[in-house]
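# Observations on the model geometry
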Amino acid sequence: MRIRRRGDVLAQGLCALLVALALPVGAEAAKCDYSGFEKPCTVQEGEYRVLIPEGEGPFPAMVYLYGSGGRSVTIANHPVFEAAVSGRGYALIVPAAREMNYEGGLRETGWSLRSEPERARDDVAFIRRVIDDAARRFRLDRDRVLLAGQSRGGFLTWEIACHDPGLASAYAVHAASYLGDLPEACDRPVRFLQTHGAADALVPMVGREGAVPWHTINPLPESLALLAETNGCRPLESGDPDSFLGFARQSWPECDPGSRLDLMVHQGGHGMPASWFRAVLDWFEEPLPEAEEVSPVVRRIGEGLPGAKTAGSNVSADDG
């Protein structure tokens, strides 16, 4: 209801009182200017920015974790992100990474990983707070949240998918693998999409020892084999990959109900191709395969994935 100009002072004072009575304590102070990016949304230990699509909602959401050195304001202001995500009817949620120390004394933004000896913040707990806060503020569908990560953001996405799988509905990673010692198993089956550049020299598909302080980047076949076993998938079938928006796509068959595992490879390097957002959201919107009755099979780590490490082989350390 629009307040008339007559009696502005009294009317505005009454309106303010009614708003204060209706809102929880501190809710007014917690408002954020997500459209102008001048005042980001804040939660405990950090902030985030949001692009909300037009309409009434509830909206599905992509939570995007950028690579080292990124900034949430840069991502949220980028027209490609706006067109590809919010323009498609998704809310784009961009948490802000904290500055941290890198090798050689470099201090830059990044995400803290569970296996690191020093952590700037518990980023899993922080991202959970961001998602919960955004869902309350912006009419989000909490059951349709895709967590997507690039490079170091992808390392964290791998960890969350494996150890905190209930945080999002599905996971998509580009140019990252599981970082550090592979666990014996992940917590439970998940929906997971891995995309990678065949010519990526920074995070090679074959893995890299000592690429990050305290860590080894595991060969991608070994990381994916871990999820394949967790998801109860059968080995990849032989044959040429399918073509999908410029990617060569392979899908593990007959995974446990509610889960899936897909790999999409492009011929570029560490950066994402222009079709990446469309490919990821198309994948996210695909219906899950119907469950089938299958006889028990023996699954070996890496079975069915070209390039899988076998007993006695060495991890390639490509200096890039």
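Below is a short write-up of the structure. (Residues numbered from 1 in each chain as written. Predicted model: local features only at pLDDT ≥ 70, side-chain atom pairs only at ≥ 80, totals over all residues. Heavy atoms only, no water.)

## Focus: the overall build of the protein
Within the protein, the secondary structure is distributed over 7 helices and 14 strands. Counting only residues that meet the buried cut, the protein has 46% of its 320 residues in that class. For the protein, the computed accessible surface area is about 16100 Å², with 50% contributed by carbon and sulfur atoms. (Helix = DSSP H or I, 4+ residues; strand = E, 2+ residues; numbered from the N terminus. Buried < 20%, exposed > 50% of the residue type's maximum accessible area, 1.4 Å probe, protein only. Areas by Shrake-Rupley, 256 points an atom, 1.4 Å probe, with all protein chains shown as cover.)

## A word on unusual backbone geometry
In this model, Gly 57 is joined to Pro 58 through a cis peptide bond whose omega is 5°. Of note, the phi angle at Glu 45 is positive, near 70°, even though the residue is not glycine. Along the chain, Glu 45 falls in the loop between β1 (41–43) and β2 (46–51). For Glu 254, which is not a glycine, the phi torsion comes out positive at approximately 55°. Here Glu 254 shows up in the loop between β13 (247–251) and β14 (260–266).

## A closer look at the pattern of salt bridges
Within the structure shown, the criterion is met by 16 salt bridges. For Glu 286, the salt bridge identified is with Arg 249, shortest N-O distance 2.8 Å. Here the residue Glu 286 occupies a position in the segment after α7 (276–285), and Arg 249 occupies one in strand β13, the gap between them amounting to 37 residues. On the basis of relative accessibility, which here comes to 23%, the residue Glu 286 falls in the partly exposed class. (Salt bridge = Lys/Arg side-chain N within 4 Å of Asp/Glu carboxyl O.)

## Focus: the pairing of β2
Bridging between β1 and β2 involves 3 bridges; their strand directions are antiparallel. Bridge pairing in β2 places Thr 42 opposite Glu 47. The hairpin turn running from β1 into β2, its antiparallel successor, is 2 residues long, and Glu 45 in that turn takes a positive phi close to 70°. In the sheet, β2 pairs with strand β4 (residues 91–95) via 4 bridges, with the strands oriented antiparallel. Its bridge partner being in β4, Tyr 48 is matched across the sheet by Pro 95. (Pairing = 2+ DSSP bridges.)

## Focus on the side chain of Ser 177
Inspection of the secondary structure puts Ser 177 in the loop between β8 (170–174) and β9 (191–197). Side chain to side chain, Ser 177 and Ser 223 meet in a polar contact 2.6 Å long. If sequence neighbours within four positions are ignored, Ser 177 has contacts with Phe 155, Trp 158, Ile 217, Asn 218, Pro 219, Leu 220 and Ser 223. (Polar contact = N/O pair within 3.5 Å; in protein donor to acceptor, adjacent residues only side chain to side chain. Contact = heavy atoms within 4.5 Å.)

## Brief notes about helix α5 (residues 152–163)
If you check α5, its first and last C-alpha atoms are 17 Å apart, about what 12 residues at 1.5 Å a residue would give, namely 16 Å. α5 sits mainly inside the fold: 12 of its 12 residues count as buried. The set of residues buried in α5 consists of Arg 152, Gly 153, Gly 154, Phe 155, Leu 156, Thr 157, Trp 158, Glu 159, Ile 160, Ala 161, Cys 162 and His 163. (Expected span 1.5 Å × (residues − 1).)

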